[in-house]
Each structure stands twice: as C-alpha cells, then as structure tokens.
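Each chain is listed here by its residues.
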Amino acid sequence: MITSSATESRLTWADAPRALLRAVTDDPAAPLAVAVTGPGGHGKSALLEALARAYRPTGIEVLSTVPDPAAPVAPDAVLLIDDAHLLDEARLRTLRRLVATGWQRVVVAYRPWPRPAALVDLVGALGRERQPLLLTPFDRRRTDAFLAALPESDRRPDLAGFVTEQTGGVPRDVERLLRGLREQDGAAVVPPVPPRPVVLDFAPDLANLAPDVQRLLLALASDVPLPPDLLAAALGREQQLVDELFSAATAAGLLGADHRLTPVVRRAVVTLTPATDRAAVWRRLTELQLARAGAVLPMVRALSAAGVASDCPAPALVAAAEEALAEEPALAAELFASATAAGHPATGRQAVASALAGDLDAALRLADRLLATAPQTERAEAAVVAAVALAHRGHLGRSIELYRWSAVPASTAFAAVGALATGQPAASSTAHAADTTASPPTLHTTAARLTAQGVRDSIGGPPTAALSTLVRAAALLEPDGRAVLLPDSPAALAALTALHCGELDIAERVLDRAEAGRVGGPLMARRHRLLQAWIMMTRGRTAAAAEQLSAVATAEEPLEARDLLFATTLQVGLARRNSDLGALRLGWEHALEAIVRHPVDLFTLLPLGELAVAGARLGDLVRVEPHLRQARELLGRLGDPPLWATPLHWSALHAAILAEDPAAADAHVAVLLATADDNRYAGAVAAAAASWVDVLRGVVDPVRVEAAARGLHDAGLHWDAARLAGQAAIRTSDRRAMTTLLDCARTLQGWPAGTGSAHRARAGGPEEQVVGAVTSAPHRLSDREHEVAELVVAGLTYREIGDRLFISAKTVEHHVARMRSRLNCANRAELLALLRTVVADRSSGAATSPWPARTVP
C-alpha cells in the first residue's frame, strides 16, 4: 500500500526549472523576467508556488494578480501570474507595459493555447531576456526519481513502468494515479487498470472543456485510426476548426503531442461521458466508415465494449462481421446475430461463422432453416455449411449429398473425397468427371481439386505422388485459409497419408504450417493438434503426446465425433504404451462409444487399428470385430490399396499376437509380405512382421531382427522398433546376441548404446522409459516373482500381497528388492515402469512357450 508521504513530495523538476529555482534561492533580489509554458497538469502552478516559497522569507512582496496601474505597489515586488492565457486583453497589455518599463521580477505562466495577440506580444517581450521555459512530461528517469520518495516496501518493480504507460508522464496524472493507489487498501500488486477514484479525478478537467472538444476526445477514445477528413465529418466541423480542437485538448493536458490519449485519460473519457453522447459519436464514425467502404470492425468493437452495439446500424454489423470472420469467427457469429436482431435477414455467412468457430449446433440449426426458406443463393451456402458440419460428425453420406446439391465451386471435389472415404470409387469418378464448372481457379477451389486428386492417387497411384499432391493442396491454403470452411483440411489428409507411408517428418511439418496459418479456423485446429499428438505417440514420445492431448481435451467446446474418436483412441494408445491397465480400461469404454458415433471410413483406419490392439490386450476384441469387418469391406471396394491397408494389417497382427492366434498372425504377415514392395513403410513393417512372429516361435536371428527394428525406426515407428529388439533380446539364449539387441533397443529408444538404467532414471521420467525399461530386463523373473509383480503393479501393499499369496510382508519386500537388483533398476519408479511392461508381456503371451511353426494361408 502506498503511504500518504509519497504523493505529498515535491515534483521532480527537469534541469531548466531546477536551475530557475536555484537562481532565485541564491539571489532573490536579482532581476527576473521569464515566461513559463506547458499544457495543463505539467506543473506551472507548482513551479510558481515553489518560486513564491523562495521569495517570501526574503520579505519581497509576492503578487499573483495583475496590479491595478493606479494602485500603489512596492517597487521590488515580484509578479507570479498563472494562467495568463485566460487573461483579457487589458490585463495582458498592463503586464506588457510593466515589462517594458523595467519591472524587476515578472514570471508569467500560460498554456500553449489559446494564444491571443496580446499574449504573444507579452511572451515576446519576456523572451528578450530569457527563452520561455517549457515544462515537459516526466521521462522514465524523472518518474523513477519521483517514485523514490515511496517507502521501500511500496517500491514495486513494475510500478514505474505502469505509471509511465498509463499517464504518459504527465505530472498531474502521475500524482493522481499514485494517490489512487495509496487509497486502494491492500494493493499488494499493481492493478491492471487505474482505480476508479483516479478516473473520477478527471471529471473537472472534462467538464471545463467545450462540447466540441469533448466530442473530439470521445472520437479519439474509440482507439481506432481516424483520418482527418473522417474526423472532421464526424464532428461536423471544417478541418481548420478541428485543428483548433486538437490544440485545445492538447493544451488541457488531456492529449499528447502525438494527438493520442493516454490509457488513464481514455478510460476517464469513456467512463465519465454520458453513454448516449458516447454512442452517438461512435455510431456516427461507424456510419461514415461504412459509407467510405472503410474498416468498421474497430468501431463496432468499441461500441460492443461500451454495451451499445445493438444501436449500431445492421449493415455496419454485417460489414464488421465479415472483417472479423478470418481472425475471430466467434465474434463474427455474434455480430451476424446482432445484425439479424436489428432487422437484417439471416444469411449463410452467419452459419459459416458459427461453423468456423466450432459451434456446429448453431451452424446446423441456421443452415437447416435457410435450406427450407432462403433464396437459392443462400440455400447453396447453407448446404455447404451443413455438409461440412455433418462430415465432422461422421455423416459422410449425407455430407456428399449436400455437396452435390449445392453445386458451388469446390463442392464436387469435396464430394469426391467423401465418396472415396466411404469406399465409393465409382461415385468419386462421376464427381470428378462432373467437376467442369466454369468457376474461377481460386486458391480454395484449386486446393479442393488437388485434395481430391491426392486422395485418388493414394488409392490407385504411387504414395509419393499422392503425398506430393496433398502437400501442394495444403500449401495453397496457408496464405489465406483461416476463413475457409473445410470438411477436412488438405493438411490433415496429407498428414494421414504421410503417417500411412512412414513419412512422419513430412506429416509434422505440414501440420505445423497449417496450425501456424490457422487453416480452417478453430474448427480445424483441434483436428490438426490431435494428429500432431498421434505422430508423437507413434514416435514413442508418450509424455509429449499426452500433454498435447490434454490441451485439446480441456477446451471448452466438446469434441465433434471425428475428433472424439481420435482423442479417445489416443488415450487408449498412450495407456497401452505406458502399460497402465487402469487407464486402458477406463479409456476403452469411451473409445467404444466414440467409434459407434463415427462410422468407419478411410480416414479413421489408424484409430481403428489401435483399438483392435487394445481390445486384444483387454480380451475384448470381439466388440471391435464388426468395425474391423466394415473396414475390410471398405478397403475391398477400393481394391485393397496398400497405402491404407498396410497399417491396419500391422495393427491386426499385434492384435493376433496379443490374442495368441498364430494362424491370424500368419495371415496378416502374408498380406504384408505381398505388398512389401509398394512403399518404404510397407517394406519395413513386412520385414518386422515376419521377424516378430519368428521371435515368438523362439527363432531369433540377431542380424535380421536388428535390421527389421531399424527399418521400423526409419519408418517412424520408434516404439515398435525398440519393442521388437527388446522382445528378441529376452528370448535369445545367446548372451552376445542378447547384448547386441539390448543396445539396439536402447539406441532406437533414444539412449546411447550401453546406457544403463541409472542414466535413464536421471534423464527422464518413467513414462518415457517404458519401452527402454523392457529392453533392459535380460533375466526372466521366477513364477513367484511374476505373481508378486502383478500385485505390485495392481497397487497392493506388501501386507495385502502377503495375505493374497500366503507369505509374510517381509518376504514380499525381499522379492521386490531382488527384482529391483536383478532388473538393474535405479529407483522404485523405474522398477514399477518395468514391472508394468513385464506383466503386460506375460499376459500377452510374451513369456509363454514358443508358437508353433508358421502356417501359410
């Protein structure tokens, strides 16, 4: 809290006023003729009072009014005249005569405006002896010196910056602000805005202004750039008169030399002016801007902040909404709604704004109403909005119908993408043939057509060509894609394609650019972030993926069906990789609900594959089988394109391994081997699949396993790569091969070869070390130790474990200590991370007897 002594201190003078005071103090009898000028609030009165205090002890008479020429006055009296700009011509001429006749000591203070001719003559006469003394605002040095009078406890580090920013250094306003802070009880920190008593202190200053000057300040308080001609038209005055109004406001100390209001003055103007006057000026500015086809959003935003946006003309609200659409679609939707309330007909643009903001409920309601009642042009845009919203909610069939019906540019391309996603290649070809509209090749339409072509290439052409086309489509929207309404973005489809062919670096970069450019607005933002999290999970960066997922899931708006499917599957995938059985079971039910809400399509095969593995891990694969069957049928209708089918077979292989179904695993290996030559990713997972099932059968070829694991790593499957090497290491009886494979696993997991567990414990948390921990377990645990490990992982205490196994708690403690030593764990956290995975491996068949020889389907 600022104490009272702080604001009772003298002003911190600049060099020239300080020198004047020192000269008077040193020699009060010396002649003195000086003019002091500065805007209101800059210390003229305070300086005259300081001079009076210097003269009074010397016996020299101090006069503060112009003496009557007929009245007797002491010849050595000093004249200290304040506010000379307010004196009438007669008094100014009297002062001029006194100066001309050699009056010894005269100090005249005045504002820079108004400047009557008699005042100019007087100042000129005084200036023959000394240049007028100009009082200026505090700079940062003088502000710091002024604040030095504060008690040590009140000198907060950010106070000087706050005072300078709010007041512009005007001494009057600095004192007012400090006094207001002093009166604000318990002010432990600098407030975000000046306290209300500070604002109220400006009431007399504003009341003393002419009405035109008040209106000028109101216009400037809108805080938007105002060209001179617009300002003159708003005030209804000629430009020359407007210049005089600026001079008056500047002279009052309420406007800076740059013709800008300081924050504290702006707040005072907005707060203390009647709302009707404020709204009238701002509405007038808005109407003039609209007539000039200028930007109206800043003015409408100011009206909204003042709570009078409803009084704004409907056309201005619509224009402002269009300006806000790209950057703030939620604000645009509000402004469109206000325009409708003001009598403007509802339009498809309002539905577009709601959809871009992520409010698909509002978008669908309005679009459906427009489809039934609006003119054809509005109905077409409404159909596009509904098509986009339904695509995000998993209703691709209905979305395709709406796109085809709308017949707007880019609609046939998006309908083709939807047809391919649902396994309708013939419908896609028909849409492609029909895409011969005469619409101009804008960035949007070109990007849409390239997107459709890229998806076609991913099904029937080389993956590199498909990825290149989709990346180019994404690049077209990066400069101006914030207000583009998309059923799915080219960047998201490019990232999915890249994920399916192992080009994770490309996937990351295209998503990063889309997020930086805010392509598709807030509606697409979560889609892009979820795919970024998926890439992190694929790379084995589970902590980073969980953080990204948490940021998306905690947003205020609920996730739409497609995003919900990816989010819940990410939760399941992260729990599985962290061997967190409790989280896996919890997430499993949510994921099953999400997959029911969003039917299987080409672009949801990744989450479907992850759910197949999780279902097998939980012994609940049967609940995913209908969806897997639909996926196989969809791929069959498309000709089983290797790019999209390979990752699903890879996931199905792991589901078969967890379900201990060698025949099904062999079938998936055979399919993967048959398509190994299609692309680099397919070759890597085919080699890894064959090697993995051989390892499970007890056939460990270290060279082949390491090559397969490194191939997986190069394809972006870091977690799988380390796991393959670790699985082989714990199954080989060759000590040298085991060491080689362990080093390989550690390297693929991101640890240098030969790195021990103690180093891993120092370098990161257990959630990032799960796979690495598995690979550092060269010794199998005994059956009893496995029993203890399962109960430790389940969270039981030593006493509870002892009761369950009919052994003492001390014996349980010995078992745990022996496991920690045998598994070379640096601490309990690392031991728990390792035991979770060991238990998971045992339950998935990792520790069972070798599989029978491979069968060929």
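Residues numbered from 1 in each chain as written. Predicted model: local features only at pLDDT ≥ 70, side-chain atom pairs only at ≥ 80, totals over all residues. Heavy atoms only, no water.

**Some thoughts on the packing of helix α32 (residues 605-617) against helix α33 (residues 625-637)**
Thought 1: Where α32 contacts α33, the axes come no closer than 10 Å and their chain directions differ by 140°. In terms of orientation, α32 and α33 fall into the oblique class. As for the relative orientation of α32 and α33, their crossing is left-handed in sense. Facing α32, whose interface residues are Leu605, Leu608 and Ala612, α33 presents His627, Leu628, Ala631 and Leu635.
Thought 2: Looking at side-chain class alone, the contact of α32 with α33 contains six nonpolar, one polar and no charged residues. (Axes fitted to C-alpha atoms, helices over the stretch in contact; angles between N-to-C directions. Helix = DSSP H or I, 4+ residues; strand = E, 2+ residues; numbered from the N terminus. Parallel < 35°, antiparallel > 145°, perpendicular 65-115°, else oblique. Left-handed = near helix turned anticlockwise from the far one by under 90°. Contact = heavy atoms within 4.5 Å. Nonpolar A, V, L, I, M, F, W, Y, C, P; charged D, E, K, R; others polar.)

**Concerning the side chain of serine 489**
Thought 1: Locating serine 489 in the fold gives a position in the loop between α25 (463-477) and α26 (490-500).
Thought 2: Side chain to side chain, serine 489 and histidine 528 meet in a polar contact 2.7 Å long. (Polar contact = N/O pair within 3.5 Å; in protein donor to acceptor, adjacent residues only side chain to side chain.)

**A look at the side chain of aspartate 205**
Thought 1: By the secondary structure assignment, aspartate 205 is in helix α9 (residues 203-207).
Thought 2: Apart from residues lying up to four places away in sequence, aspartate 205 is in contact with Arg172, Arg176 and Leu254.

**Points about the sheet that holds strand β2 (residues 62-63)**
Thought 1: With respect to topology, five strands assemble into an open sheet ordered β2-β3-β4-β1-β5, the strand pairing being parallel. The outermost strands of the open sheet, each flanked by one partner alone, are β2 and β5 (133-134).
Thought 2: Sheet analysis places strand β3 (residues 78-81) next to strand β4 (residues 105-110), joined by four bridges and oriented parallel. Pairing of valine 78 across the sheet is with arginine 105, part of β4.
Thought 3: Sitting on the sheet, helix α4 (residues 117-126) is in contact with β1 (32-37) and β4, with an inclination near 135° to β4. (Pairing = 2+ DSSP bridges.)

**Quick word on empty space enclosed by the protein**
Thought 1: Tallied over the full model, the rule gives three cavities of 30 Å³ or more.
Thought 2: There is about 190 Å³ of room inside the second largest cavity.
Thought 3: For the second largest cavity, the lining is made up of 20 residues, of which Leu396, Val417, Pro487, Asp488 and Phe603 are closest to its centre.
Thought 4: Mapped onto the lining of the second largest cavity, the elements with two or more residues apiece are α21 (396-406) and α22 (411-421).
Thought 5: Of the residues forming the lining of the second largest cavity, the biggest block, five residues, is contributed by α22. (1 Å grid on protein atoms, 1.4 Å probe; cavity = no way out; pocket = protein on both sides within 12 Å on 5 of 7 lines; lining within 4 Å. Points joined across faces, edges and corners; volume = space filled by probe spheres on them.)

**Considerations on the environment of leucine 611**
Thought 1: Within the secondary structure layout, leucine 611 lies in helix α32.
Thought 2: With 10 residues separating them in the primary sequence, leucine 611 and leucine 621 have C-alpha atoms 8.4 Å apart.
Thought 3: In this structure, leucine 611 is in contact with Leu565, Thr569, Val572, Trp588, Ala591, Ile595 and Val624, ignoring residues within four places of it in sequence.

**Digging into the pairing of β1**
Thought 1: Of all six residues in β1, six are buried, a share of seventy percent or more.
Thought 2: Where burial is concerned, the two faces of β1 agree: the one with Leu32, Val34 and Val36 and the one with Ala33, Ala35 and Thr37 are both buried.
Thought 3: Pairing of β1 with β4, which is carried by six bridges, proceeds in the parallel orientation. By the bridge assignment for β4, valine 34 is matched with valine 107.
Thought 4: Here β1 runs beside β5; their pairing, made up of two bridges, is parallel. (Buried < 20%, exposed > 50% of the residue type's maximum accessible area, 1.4 Å probe, protein only.)

**Digging into the pairing of β4**
Thought 1: Judged by how many residues are buried, β4 sits mostly within the fold: six of six residues are covered.
Thought 2: The alternating pattern of β4 places Arg105, Val107 and Ala109 and Val106, Val108 and Tyr110 on opposite faces, both of which are buried.
Thought 3: Regarding the hand of the β-α-β motif, the stretch spanning β3, helix α3 (residues 89-100) and β4 is right-handed. (Right-handed = clockwise from strand over helix to strand, strands pointing away.)

**Some words on the packing of aromatic side chains**
Thought 1: Inspection of every chain in the model, using the stated rule, returns five aromatic pairs.
Thought 2: Ring plane angle 75° and centroid distance 6.1 Å describe the contact between tryptophan 650 and tryptophan 692, whose orientation is recorded as edge-to-face. Of this pair, tryptophan 650 sits in helix α34 (residues 642-658) while tryptophan 692 sits in helix α36 (residues 680-696); the two residues are 42 residues apart in sequence, bridging distant segments of the chain.
Thought 3: Geometry around phenylalanine 566 places arginine 527 over its ring, the cationic atom sitting 5.1 Å from the centre.
Thought 4: A cation over a ring is seen here: arginine 577 above tryptophan 719, with NZ or CZ 5.2 Å from the ring centre. (Phe/Tyr/Trp six-rings, centres within 6.5 Å; stacked < 30°, edge-to-face > 60°. Lys NZ or Arg CZ within 6 Å of the ring centre and 35° of its normal.)

**Considerations on the nonpolar core**
Thought 1: Counting 181 residues, the largest nonpolar core has Leu217, Leu231, Leu285, Leu602, Phe603 and Leu605 as the members making the most contacts within it.
Thought 2: Among the elements that line this core, the one with the most residues is helix α20 (residues 376-392), at 10 residues.
Thought 3: Setting aside residues no more than four positions away along its own chain, leucine 602 makes contact with Leu420, Ala421, Ile459, Leu634, Leu635, Leu638 and Trp644. (Core = buried A, V, L, I, M, F, W, Y, C linked by side-chain atoms within 4.5 Å.)

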